[in-house]
Amino acid sequence: MSVLVIGGDEITPIKAVLKNLGCSKITHWDGRRESVNHKDIPQNTSCLVMLTNFLNHNTMKKFRNEAKKKEIPIICTKRSASCLYCEFNKMFCNKECCK
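Heads up: these notes are all about the structure in this document.

Basis of the calculations
Residues numbered from 1 in each chain as written. Predicted model: local features only at pLDDT ≥ 70, side-chain atom pairs only at ≥ 80, totals over all residues. Heavy atoms only, no water. Helix = DSSP H or I, 4+ residues; strand = E, 2+ residues; numbered from the N terminus. Buried < 20%, exposed > 50% of the residue type's maximum accessible area, 1.4 Å probe, protein only. Phe/Tyr/Trp six-rings, centres within 6.5 Å; stacked < 30°, edge-to-face > 60°. Lys NZ or Arg CZ within 6 Å of the ring centre and 35° of its normal. Right-handed = clockwise from strand over helix to strand, strands pointing away. Pairing = 2+ DSSP bridges.

1. Quick word on the side chain of Thr45
Of note, Thr45 is situated in the loop between strand 2 (25-29) and strand 3 (47-51). According to the relative accessible area criterion, Thr45 is buried, its value standing at 10%.

Okay, structure coming up:
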């Protein structure tokens, strides 16, 4: 599974969680510069993860709309490895990992 992560500066713990969940290719865009809004989601992307703490509304809206058009699952979460783990499992495993 190929994942695009948008937002956050340092996502080493998030990359570790995604690799443990079976993601083979992880691409990260920090979202700090306006130029990110001019990029398109890579063609082989299986899932889009948006770290909401570090994204402005225009960036989130642009990539959410593009992912919906391409029918790519979207996970919106805070920049926390445990929150990402829960949201990933809800999306792909249909399990409740958080109580």
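More follows now that the structure is in view.
2. Points about the packing of aromatic side chains
Under the definition given, this model contains two aromatic pairs. An angle of 55° between the planes, with centres 5.8 Å apart, marks the rings of Trp29 and Phe63 as tilted. Here the residue Trp29 occupies a position in strand 2, and Phe63 occupies one in helix 2 (residues 57-69), the gap between them amounting to 34 residues. Here Phe63 falls in the buried class, since its relative accessible area comes to 0%. Aromatic side chains Phe88 and Phe92 sit 4.8 Å apart centroid to centroid with 45° between the ring planes, which places their arrangement in the tilted category. Here Phe88 pairs with Phe92, and both are found in helix 3 (residues 81-92), just four residues apart, close to one helical turn. You can call Phe88 buried: its relative accessible area is 4%. Looking at Lys62, its charged tip hangs above the ring of Phe63, at a distance of 4.5 Å from the centre.

3. Things to note about the pairing of strand 1 (residues 2-6)
Counting buried residues along strand 1, five of its five residues qualify, which places the element largely inside the surrounding structure. The two faces of strand 1 match: Ser2, Leu4 and Ile6 on one face and Val3 and Val5 on the other face are all buried. Once you follow strand 1 into helix 1 (residues 12-20) and on to strand 2, the crossover reads as right-handed. Here four bridges tie strand 1 to strand 3, and the two strands are oriented parallel to one another. Bridge assignment links Ile6 to a residue of strand 3, and that residue is Met50.

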